[in-house]
Amino acid sequence: MNSNLYRKIMVATDGSENVKKAVSTAVELAKLSRAKLYAVYVVAAGGGYTFGHPRDLGWERAMKEQLNAEGVEATAYVETAGKAADVDVEPVIIEGSPANEIVDFAEKNNIDLIVLGTLGKTGIERFLLGSVAQNVVRHSRKAVLVVKELETE
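Residues numbered from 1 in each chain as written. Predicted model: local features only at pLDDT ≥ 70, side-chain atom pairs only at ≥ 80, totals over all residues. Heavy atoms only, no water.

A. The sheet that holds strand E3 (residues 89-96), seen in detail. The five strands lie next to each other as E3-E2-E1-E4-E5, forming an open sheet whose pairing is parallel. Pairing within the sheet leaves two strands with one partner each, and these edge strands are E3 and strand E5 (143-148). Going from strand to strand, the sheet's axes swing by 25° on average, the running direction of each strand aside. Sheet analysis places strand E4 (residues 113-118) next to E5, joined by six bridges and oriented parallel. Its bridge partner being in E5, Ile 114 is matched across the sheet by Val 144. Packed onto the sheet, helix H1 (residues 20-33) meets strand E1 (8-12), strand E2 (36-44), E4 and E5 and runs at close to 135° relative to E5. Those strands touched by helix H5 (residues 132-139) are E4 and E5, and its axis lies near 155° from that of E4. (Pairing = 2+ DSSP bridges. Helix = DSSP H or I, 4+ residues; strand = E, 2+ residues; numbered from the N terminus. Axes fitted to C-alpha atoms, helices over the stretch in contact; angles between N-to-C directions. Contact = heavy atoms within 4.5 Å.)

Below, the structure written as C-alpha cells:
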C-alpha cells in the first residue's frame, strides 16, 4: 500500500532507547508514503551548561561539543534505519528550546507530520519533568503523532 498523504515527515530524536519505537514508526510511514524523512535533534540552549562566568567557557564549549556529537549519533541511527527501508533521511541538528525548535522547524519546512516519542510518564513525574511531546502537540499547527513507549521499571 502506497500513499501520498505525507510528503515530508519529521521525527524528533534524542538518541534514547525510548525514541526507537518512534523512529521505527516514522520510517515505516515515510516508506509507505514515499516521503522524505527529517531526523531532528535539538541541542537544548543552555542545556544546564551555561553559567555565564568566563572561567566556565571551556567547559561550556566541551559540553556543547558533546551534545552535538550525541546529535550526530542520534540522527545517524535514523539514517541507518531509513537506509534499510529505502527511505531518504536528512539529519538536522538545531540549538534551542526543544519543543519550540521542533514546531518552528516543521512550520518553516512545510512538514506534513511530526513523529515524537514519549516516556509515558504520568502524574507528578510528568509535571516535574515537563513534556516536549505535550508542548509540541499543544503548539503545532502540523499533524503530530506521539508514539508512547511505556517505561519498564
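B. The arrangement of the packing of aromatic side chains in detail. One pass over the full model with this rule turns up one aromatic pair. Relative to Phe 105, the ring of Tyr 38 has its centre 5.8 Å away and its plane inclined at 65°; by these criteria the two rings are edge-to-face. Separated by 67 residues along the polypeptide, Tyr 38 in strand E2 and Phe 105 in helix H3 (residues 98-108) bring together distant segments of the chain. Under the relative-accessibility criterion, Phe 105 is labelled buried at 11%. (Phe/Tyr/Trp six-rings, centres within 6.5 Å; stacked < 30°, edge-to-face > 60°. Buried < 20%, exposed > 50% of the residue type's maximum accessible area, 1.4 Å probe, protein only.)

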